[in-house]
Amino acid sequence: MSTKDKQQQIISMFDSIAKTYDVTNHALSLGIDTRWRKEACKKTLDLLSKNSNLRLLDVACGSGDMIKHWIDTLNESNAQDYRIYGLEPSVNMLEIARKKLEGYGCVGFSKSEAKILPYGNESMDIVSIAYGLRNILEYELALDEFARVLKKGGVLVVLEFLKTDNTSMLGKFMGFYTRKILPLVGGLISGNFRAYKYLPDSIESFITLERFQDLSQARGIQKSVAKSYSGICTLYIGVKS
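Residue numbering note: each chain is counted from 1, following its sequence as written. Totals for whole chains, interfaces and linings use all residues, but because this is a predicted model, local features are given only for residues with pLDDT of at least 70 and pairs of side-chain atoms are given and counted only at 80 or more. The side-chain numbers reported here are obtained from all heavy atoms of the structure, hydrogens and water having been left aside.

Moving on to the overall build of the protein chain. Across its full length, the protein chain holds 9 helices and 7 strands. Its C-alpha radius of gyration of 17 Å places the protein chain within 12% of the 18 Å reference for a compact globule of 241 residues. Here the analysis covers contacts within the protein chain between residues at least 6 apart in sequence; of these, 76% occur between residues at least 24 apart. Accessible surface is estimated by sampling points in the Shrake-Rupley manner with a 1.4 Å probe; for residues, cover comes only from the protein chains shown. Taken as a whole, the protein chain presents about 11400 Å² of accessible surface, with 52% of it coming from carbon and sulfur. Runs of E in the DSSP output that reach at least two residues are strands. Runs of H or I that reach at least four are helices, and both are numbered from the N terminus. The globule rule is 2.2 Å times the number of residues to the power 0.38, and the radius of gyration it is compared with is taken over C-alpha atoms. Should any heavy atoms of two residues lie within 4.5 Å, those residues are counted as being in contact.

As structure tokens, this is what we get:
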């Protein structure tokens, strides 16, 4: 199967679980992912030297959860005249995001893949992607695009289940939970066992934080924050030089 066909298969999988995606995710994480997202947003805004006229792109925005956290955090920081762009290749996910954020005039959406961003060079102050990088088969092309659209001094924010060799008790437990329990619970809630078996498989075949940092640095993005949550989720924040 070609890379293009495999990528379409992943997009179709997200189309199939879109209606239950939010409920399943919050149940599987016990709501902890909300805290991780909020912290990512706050740490990012703390790094920026400006608080007005911000342009923010959320890639693989899914059901719009991360965008809602961005709006809340921007409003709490009294940001002025900001604009948020949500990009997503799944039609069904995009429909849910549009409904969820209906009424927010500061948000616009586009249907596209991350490796072809429909935005100009150095047009964004922030590019974020939460739990979506792993689903981009040609992720190095996506990183090229993130670096291209970021302004100098702009910030790249990534929340992801990067591959880890964490041998602590917590790390071992989280690894067991992800491999054995998560697919079962996710499958029961969503009715799609195959989709939630994909998650641990995709983590195992993905890259480490060290490799991700090397790829980012090669594109002029220097690490500012690299933090592990519960031995499974990683927050990376980098600034474009």
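Let us look at the pattern of salt bridges. Each salt bridge in this description consists of a side-chain nitrogen of Lys or Arg and a carboxyl oxygen of Asp or Glu lying within 4 Å of one another. With the rule as written, the count across this model stands at 16 salt bridges. A salt bridge links K50 to D125, with the nearest nitrogen and oxygen atoms 3.3 Å apart. Linking K50 in the loop between α3 (32–47) and β1 (55–59) with D125 in strand β4 (residues 124–130), this pair joins segments that are 75 residues apart in sequence. Accessibility here uses a 1.4 Å probe with only protein chains present; expressed as a share of the type maximum, an area under 20% marks a residue as buried, one over 50% as exposed, and anything in between as partly exposed. D125 gets classed as buried once you look at its relative accessible area, which sits at 4%.

This paragraph deals with the sheet that holds β1. DSSP-based pairing: two strands are paired if at least 2 bridges between them are found. In space, the 7 strands of this open sheet follow the order β3-β2-β1-β4-β5-β7-β6, with mixed pairing throughout. Edge strands, defined here as strands with exactly one partner in the open sheet, are β3 (107–110) and β6 (221–229). Taking each pair of neighbouring strands and ignoring which way they run, the sheet shows an average axis angle of 15°. When β4 meets strand β5 (residues 150–160), the two strands line up parallel, connected through 6 bridges. Bridged to M124 within β5 is L150. Angles here are taken between N-to-C directions and fall from 0 to 180 degrees, while the axes themselves are lines fitted to C-alpha atoms, restricted in helices to the stretch in contact.

Each cavity reported here is a set of points on a 1 Å grid over the protein atoms alone in which a 1.4 Å probe fits but cannot get out, each pocket an open set with protein on both sides within 12 Å along at least five of seven lines, and each lining residue one with an atom within 4 Å of a point. Grid points are joined across faces, edges and corners, and a volume is the space filled by probe spheres set on the points. As enumerated under the stated definition, the model contains 1 cavity of 30 Å³ or more in all. Taken as a whole, the largest cavity holds about 380 Å³ of empty space. Taken together, 31 residues make up the lining of the largest cavity; nearest its centre are A60, G62, E88, G132 and N135. Put simply, the parts of the chain that give the lining of the largest cavity at least two residues each are α1 (3–17), α2 (21–29), α3, β1 and α4 (65–76).

Moving on, we come to the packing of α1 against helix α8 (residues 193–204). Between two packed helices, what matters for the description is the angle formed by their axes and the separation of those axes. Their axes nearest at 10 Å, the elements α1 and α8 cross at an angle of 125°. Classified by the angle their axes make, α1 and α8 are oblique. Crossing of α1 against α8: the hand is left-handed. Along its contact with α1, which presents Q9, I10, M13 and I17, the element α8 presents R194, A195, Y196 and Y198. Residues are grouped as follows: Ala, Val, Leu, Ile, Met, Phe, Trp, Tyr, Cys and Pro are nonpolar; Asp, Glu, Lys and Arg are charged; all remaining types, including Gly, are polar. Of the residues assigned to the contact of α1 with α8, the class counts are 6 nonpolar, 1 polar and 1 charged. Relative orientations are named as follows: roughly parallel for angles under 35 degrees, roughly antiparallel for angles over 145 degrees, roughly perpendicular for angles from 65 to 115 degrees, and oblique for any other angle. Crossing handedness is read from the near helix: turned anticlockwise from the far helix by less than a right angle, it gives a left-handed crossing, and turned clockwise, a right-handed one.

Of all 7 residues in β4, 7 are buried, a share of seventy percent or more. The pairing of β1 with β4 spans 4 bridges and is parallel. Considered in β4, the bridge of L57 is made with V127. On the question of chirality, the crossover connecting β4 to the parallel β5 by way of helix α6 (residues 139–149) is right-handed. Looking down the strands as they point away from you, a crossover is right-handed if its path from the first strand over the helix to the second goes clockwise.

Right, let's talk about α1 for a bit. Three or four residues apart is the spacing at which side chains of an α-helix point the same way, because the helix has 3.6 residues per turn. Between the first and last residue of a helix there are one fewer steps than residues, each counted as 1.5 Å, and that sum is the expected span. If you check α1, its first and last C-alpha atoms are 22 Å apart, about what 15 residues at 1.5 Å a residue would give, namely 21 Å. Taken residue by residue, α1 has Q7, I10, I11, M13, F14 and I17 as its buried positions. For α1, the angular spread of buried residues about the axis comes to 150°, placing them on one side. The arc in question is formed by the directions pointing from the helix axis toward the C-beta atoms.

So, about the packing of aromatic side chains. Aromatic rings from Phe, Tyr and Trp, with only the six-membered ring used for Trp, were paired whenever their centres fell within 6.5 Å, and each pair was classed as stacked if the ring planes differed by under 30 degrees, edge-to-face if by over 60, and tilted otherwise. Counted according to the given criterion, the structure contains 6 aromatic pairs. Judged by centre distance (5.3 Å) and plane angle (75°), the ring pair of Y139 and F206 falls under edge-to-face. Highlighted residues: Y139 in helix α6 and F206 in the loop between α8 and α9 (209–218), separated in sequence by 67 residues. Just as Y139 is buried, F206 falls in that class too.

The next point concerns the packing of α3 against α4. Look at α3 against α4: their axes get within 9 Å of each other, and the N-to-C directions meet at 50°. Relative to α4, the element α3 lies oblique. The crossing of α3 and α4 is right-handed. On the side of α3, the interface is formed by T34, R37, K38, A40, C41, K42, T44 and L45, while α4 contributes D65, M66, H69, W70, T73 and L74. Along the lines of polarity and charge, the residues of the contact of α3 with α4 split into 6 nonpolar, 4 polar and 4 charged.

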